[in-house]
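So the chains spell out like this:
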Amino acid sequence: MSPSSPAPLPEAPTAEHHRETLGIGESAPRLSWRMRHAPPGWRMRAYEIEVVDDSGATHRSGRVVSDESVLVPWPAPALRSGERRSVRVRVWGSGSDVPSPWSPALEVEAGLLEPGDWWAGMVGPSDRVMERERPVLMRGSLTLPAAPRSARLYVTAHGVFEAEINGETVGDEVLAPGWTAYPSRLRYRTHDVTRLLRRGENVLGAHLADGWYRGRLGFHGGRRDIYGDRTGLLAQLEVECEDGSIVRAGTGTDWRCAPSPVLTSSLYDGERHDARLEPRGWSEPGFDDTGWAPVVPVRRAPATLVAPTSPPVRRTARLEPVEISTTPSGSLLVDFGQNLVGRLRLRLTARAGAEVTVRHAEVLEDGALCVRPLRHAAATDSYIAAGGGTEEWEPRFTYHGFRYAEVTGWPGTPAPGDIVARVLHTDMRPTGEFTCSDPLVERLHENVRWSMRGNFVDVPTDCPQRDERLGWTGDIQVFAPTAAFLYDCAGMVRSWLADLAVEQYPDGTVPFVVPTIHAPTWTPAWPAAVWGDAAVLTPWRLYERFGDTGVLRDQYASAKAWTDLVAGRLETDGTWRRDRQLGDWLDPSAPPEDPFRAETDPSLVATAYAAESSRVMAEIAGLLGEHEDRVRYRALTGHIRAGFWKAYSAGEGGRLIVDTQTAYALALCFGLIPEEHRASAGDRLADLVAEAGHRIATGFAGTPLVCDALSRYGHVDTAYRLLTQRESPSWLYPVLMGATTVWERWDGMLPDGRVNPGEMTSFNHYALGAVADWLHRTVAGLAPDAPGYRRLRLAPRPGGGLEWAGAVHETPYGTASVHWRRVGDRLRVSACVPPGTTAVVDLPGRETFTAESGEHVWEDAWASA
């Protein structure tokens, strides 16, 4: 480090996987920090953490000799409900006995950690007010003897809500509190509402709608009242005033309620809002609510209330239309140029009673909205104007998947800004980027990102537009590696895994959808590979990408129950044949009306996954010190592998009797073929891809693995030809057809522009976009080589006619990147290895070597690549 270089400095610590640390649910949150200005090769040798409470009392860990900086133990007495702490860290680096400066501070505050901390009661609308699909307004008042010094609102609902204090909206989240396994886990959130309160009378109000709790969910008409037939609000306000007094107020039987100006609200069908019915000032002091109805108590066990582990759903972007045209019927057809998930915000001037209606769709057919793929989701919003000036409106409690909107009844001609789309998703921190010289491949990657955004609306769903939008376990299982690269989704997925564990059947069966609902064909669930394996493989992916052993411990009983269930269903030869399997769901050979009919034997898929999950279980058991389980699962893995090879080997080299792309991809990536036969099996896979014209022939099970299997066993060029194929079925065919998200089916839209006749034709489905993980790890060459990227693997494999490619990822240790470029007849690779980590570098034509942290450039003859 030169004399003028800044000294290494830790960034402000983070707590667990929280993006926001107000109202956390951990009494002893683990801490992490990253370094700035660290010189090349720098290593941390020790750290000290300082924790300061509101009184100024300080607790210091003392100098802790360790090189760990990710999820290190909380060093101070445990937090109690509502307690605040200021946390900072300093470190000692290699070759120095002088500590760094103290980091900026992290401010962390606990939520309500014990059931006994809840003294407010949940209340709901009375029968006089409650109507099917119609939201309600609720209000209560409190008086403060002095100005507030500090105020916290702890709030949740049966349904979805938006709170207001004195006429101002509380927070910026939407669709709160989200969707969890409500009987066992209901999230609440903590808000700092100090600035919204004042001395004297104050009013706390809320809009409350059915949402996931009481609204219609599921396909074939779905079901209502899945969790209960009455919505409810639980709000607890705790205020410390400037005069030292403490005021507590919350929902109770003194609250009042009334019908909302929203006439109907449904997640699937949309909202109809009559602005003429808005009671002006209803959430402010002085409003006359004598005509409102009393509320009724609603039962809710405080022990089931949990603090969030991830950010809420928010409006994260605003898109202007790229084109507005007029249909033959006189309606406006609005094209946003991007298939998105969210809703419109309208700004208009209209006479009282004028109604504007908005219908949504992902694609057009014959120049008009194609709504058949929505099935029984009306996806229609309507606004009835109050009149008297410019009005703005956005639905509160619905969302849609759409690129196109048909607007009927618009008064006049819309000006710029009058019709805009608001993008909604869980507000995760973006962490990964990929770029390359082929704009079609870049667009494919952007499509994957947009599909993740649209399907991470509190729950990792399959699709965001039709009468489904469910947390299918198989989809996130195959997509988790890609998701963990693109966004910091650890907290959100951990919450979903907690729901999976509580909804798992007593025998270990994993529901097909989490949170689980009654769904024709799919409930009760049965043991099915790929989908059930989410219990084992999804926690493992979080561990690999975030270095968090805590998720393995939390999910261990769930993962073990699934693995033991499968072990008991194997034949004596180690194969899994006895249950109905989804197999390689939606491979391109399956007819539109029967996605089960894939080319690959579903028992082969099930047996392969049984081997992989038992292998991973042995690894997890070893990490957690469960040594007897480790031995048992290793033996189980060997038994299944032997059974697989005996049952499916064709007896000739690496050939399989199930001669499909998916069969070889699974067998090679899961280590099911003896090592001496893997090269010939890779050759056969390459031949199959070539025989198919370098078109994809895989579904949910094979797609994430086929390019890996090819590139691992000497067929990088074939993998690239598969990636860059433009004819259907392929990854780039939808791109050339104008897709801006990933499709559910390879041929969701036919070459003539007609929509696939299958019942399941979503144009926003991330599962087949799992290939993006291969783009990151192999095309760009950036992957973890140790959990949490403590050690990186930099192994780009140029090809496919690309001139350059690269990836950037925000690891727990800092920014990692790799970029390669063809320069004449040479290959130039540049990389950034974060402080405190190393990298295994595996470049074409070179022996593997290790690189220390810092910036690097390597250059070799292109021919060696």
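Everything numeric here is computed off the predicted structure, so don't read it as measured data.

Caption draft 1: Local environment of the overall build of the protein chain. When helices and strands are tallied, the protein chain shows 15 helices and 46 strands. The principal-axis extents of the C-alpha atoms in the protein chain amount to approximately 85 × 75 × 60 Å. Taking all 865 residues of the protein chain together, 62% fall into the buried category. A separation of at least 24 residues holds for 73% of the contacts in the protein chain among residues at least 6 apart in sequence.

Caption draft 2: Seen up close, the sheet that holds strand E42 (residues 814-823). On the basis of which strands lie adjacent, the open sheet formed by 5 strands has the order E36-E41-E42-E43-E46 and antiparallel pairing. The two strands at the open ends of the sheet, each matched to only one other strand, are strand E36 (432-436) and strand E46 (854-861). Strand-to-strand twist across the sheet, computed as the mean angle between neighbouring axes with direction ignored, equals 10°. Where strand E43 (residues 826-833) and E46 come together, 8 bridges link them in antiparallel fashion. Following the sheet pairing, Arg826 is matched in E46 by Ala861. Of the strands in this sheet, E36 and strand E41 (804-811) are in contact with helix H3 (residues 473-486), which crosses E41 at around 80°.

Caption draft 3: Broad picture of the sheet that holds strand E45 (residues 849-851). With mixed pairing, the 4 strands of this open sheet are ordered in space as E39-E40-E44-E45. Single-partner strands in this sheet number two, and they are strand E39 (782-784) and E45. Between one strand and the next, the sheet's axes are offset by a mean angle of 30°, whatever the strand orientation. Here strand E40 (residues 791-794) pairs with strand E44 (residues 838-841) via 4 bridges, running parallel. Looking at the pairing, Arg791 lines up with Thr838 of E44.

Caption draft 4: Region of interest: the packing of helix H8 (residues 602-623) against helix H9 (residues 627-648). Running from N to C, H8 and H9 cross one another at 160°; their axes reach a closest spacing of 8 Å. Regarding the angle of H8 to H9, the classification is roughly antiparallel. Crossing angle aside, the handedness with which H8 passes H9 is left-handed. Counting all contacts with H8, which are made through Ser603, Leu604, Thr607, Ala608, Ala610, Ala611, Ser614, Arg615, Met617, Ala618, Ala621 and Gly622, the residues of H9 involved are Asp629, Arg630, Tyr633, Arg634, Leu636, Thr637, Ile640, Arg641, Phe644 and Tyr648. The class makeup of the residues in the contact of H8 with H9 is 12 nonpolar, 5 polar and 5 charged.

Caption draft 5: Inspection of the pairing of E43 at higher detail. Pairing of E42 with E43 involves 7 bridges; the strand directions are antiparallel. Paired with Arg821 across the bridge in E43 is Arg828. As consecutive antiparallel partners, E42 and E43 are separated by 2 residues, and within that stretch Gly824 has a phi angle of approximately 60°, a positive value.

Caption draft 6: Broad picture of the pairing of strand E10 (residues 106-110). Of all 5 residues in E10, 4 are buried, a share of seventy percent or more. Looking at chain direction, strand E3 (residues 22-24) and E10 are connected through 2 bridges and run parallel. Across the sheet, residue Ile24 finds its bridge partner in E10, namely Ala110. In terms of strand pairing, strand E9 (residues 84-93) meets E10 through 4 bridges, oriented antiparallel. If you follow Ser86 over to E10, its bridge partner there is Glu107.

Caption draft 7: Spatial organisation of the side chain of Thr741. Along the chain, the position of Thr741 falls in the loop between helix H14 (732-736) and helix H15 (772-780). You can call Thr741 buried: its relative accessible area is 2%. Within the structure, Thr741 has its side chain in polar contact with the side chain of Asn339 (distance 2.9 Å). Dropping the residues within four chain positions of it, Thr741 is found in contact with Gln338, Asn339, Asn447, Trp450, Ser451, Phe763 and Asn764.

Caption draft 8: Structural view of the environment of Pro602. Here Pro602 shows up in helix H8. The residues contacting Pro602, other than those within four sequence positions of it, are Gln581 and Gly583.

Caption draft 9: A look at the nonpolar core. Among the nonpolar cores identified, the biggest contains 178 residues, and Phe456, Tyr609, Trp731 and Leu794 are the most heavily contacted of them. Among the elements that take part in this core, H8 stands out by supplying 12 residues, more than any other. With sequence-adjacent residues up to four places away left out, Phe456 is seen in contact with His425, Thr426, Met428, Ile476, Ala483, Cys489, Met492, Val493 and Tyr766. Counting 33 residues, the second largest nonpolar core, distinct from the first, contains Leu153, Ala176, Cys241 and Val295.

Caption draft 10: Looking closely at H8. Over its 22 residues, H8 extends 32 Å from the first C-alpha to the last, a length consistent with the 32 Å expected when each residue adds 1.5 Å. Counting buried residues along H8, 17 of its 22 residues qualify, which places the element largely inside the surrounding structure. The N-terminus of H8 is capped by Asp601, whose side-chain oxygen sits 2.9 Å from the backbone nitrogen of Ser603. Note on H8: the residue one or two positions beyond its end, Gly625, has a positive phi of about 75°.

Caption draft 11: Up close: the packing of aromatic side chains. A full pass over the atoms with the stated rule returns 32 aromatic pairs. Look at Trp118 and Tyr188: their rings are 5.1 Å apart centre to centre, the planes differ by 80°, and that puts the pair in the edge-to-face class. You can see Trp118 sitting in the loop between E10 and strand E11 (123-125) and its partner Tyr188 sitting in the loop between strand E16 (186-187) and strand E17 (189-192), a full 70 residues away along the chain. The same class applies to Trp118 as to Tyr188, namely buried. On the basis of an interplanar angle of 85° and a centroid distance of 5.2 Å, the ring pair of Tyr609 and Phe670 is categorised as edge-to-face. Remark: Phe670 occurs in the loop between helix H10 (661-669) and helix H11 (675-691) and Tyr609 occurs in helix H8; sequence separation between them is 61 residues. Neither Tyr609 nor Phe670 differs from the other in exposure class; each is buried. In this structure an aromatic cluster arises from ring pairing among Trp472, Phe512, Trp522, Trp526, Trp531, Trp585, Phe596 and Phe700. Lying across the ring of Trp450, Arg453 places its NZ or CZ 4.3 Å from the centre.

Caption draft 12: Expanded view of the environment of Thr637. Mapped onto the elements of the fold, Thr637 is located in helix H9. Classification of Thr637 by relative accessible area gives buried; the value is 5%. Each C-alpha atom of the pair Thr637 and Ser649 lies 17 Å from the other, and the pair is 12 residues apart in sequence. Here Thr637 is in contact with Ala611, Ser614 and Arg615, once residues within four sequence places are set aside. One polar contact links Thr637 to Ser614, side chain to side chain, over a distance of 2.8 Å.

Caption draft 13: Structural view of helix H5 (residues 534-546). Compared with an ideal rise of 1.5 Å per residue, which puts 13 residues at 18 Å, H5 spans 17 Å between its outermost C-alpha atoms and is within 8% of the ideal. Buried within H5 we find Ala534, Ala535, Val536, Leu537, Thr538, Pro539, Trp540, Arg541, Leu542, Tyr543, Arg545 and Phe546.

Caption draft 14: Spotlight on the pattern of salt bridges. What the rule picks out here adds up to 79 salt bridges. When the shortest N-O distance is used, the salt bridge between Arg152 and Glu109 registers 2.7 Å. Here Arg152, found in strand E13 (residues 148-158), pairs with Glu109, found in strand E10; they are 43 residues apart in sequence, far enough to count as distant. Look at Glu109 and you get buried, because its relative accessible area is 4%.

Rules behind the numbers
Residues numbered from 1 in each chain as written. Predicted model: local features only at pLDDT ≥ 70, side-chain atom pairs only at ≥ 80, totals over all residues. Heavy atoms only, no water. Helix = DSSP H or I, 4+ residues; strand = E, 2+ residues; numbered from the N terminus. Buried < 20%, exposed > 50% of the residue type's maximum accessible area, 1.4 Å probe, protein only. Contact = heavy atoms within 4.5 Å. Pairing = 2+ DSSP bridges. Axes fitted to C-alpha atoms, helices over the stretch in contact; angles between N-to-C directions. Parallel < 35°, antiparallel > 145°, perpendicular 65-115°, else oblique. Left-handed = near helix turned anticlockwise from the far one by under 90°. Nonpolar A, V, L, I, M, F, W, Y, C, P; charged D, E, K, R; others polar. Polar contact = N/O pair within 3.5 Å; in protein donor to acceptor, adjacent residues only side chain to side chain. Core = buried A, V, L, I, M, F, W, Y, C linked by side-chain atoms within 4.5 Å. Expected span 1.5 Å × (residues − 1). Phe/Tyr/Trp six-rings, centres within 6.5 Å; stacked < 30°, edge-to-face > 60°. Lys NZ or Arg CZ within 6 Å of the ring centre and 35° of its normal. Salt bridge = Lys/Arg side-chain N within 4 Å of Asp/Glu carboxyl O.

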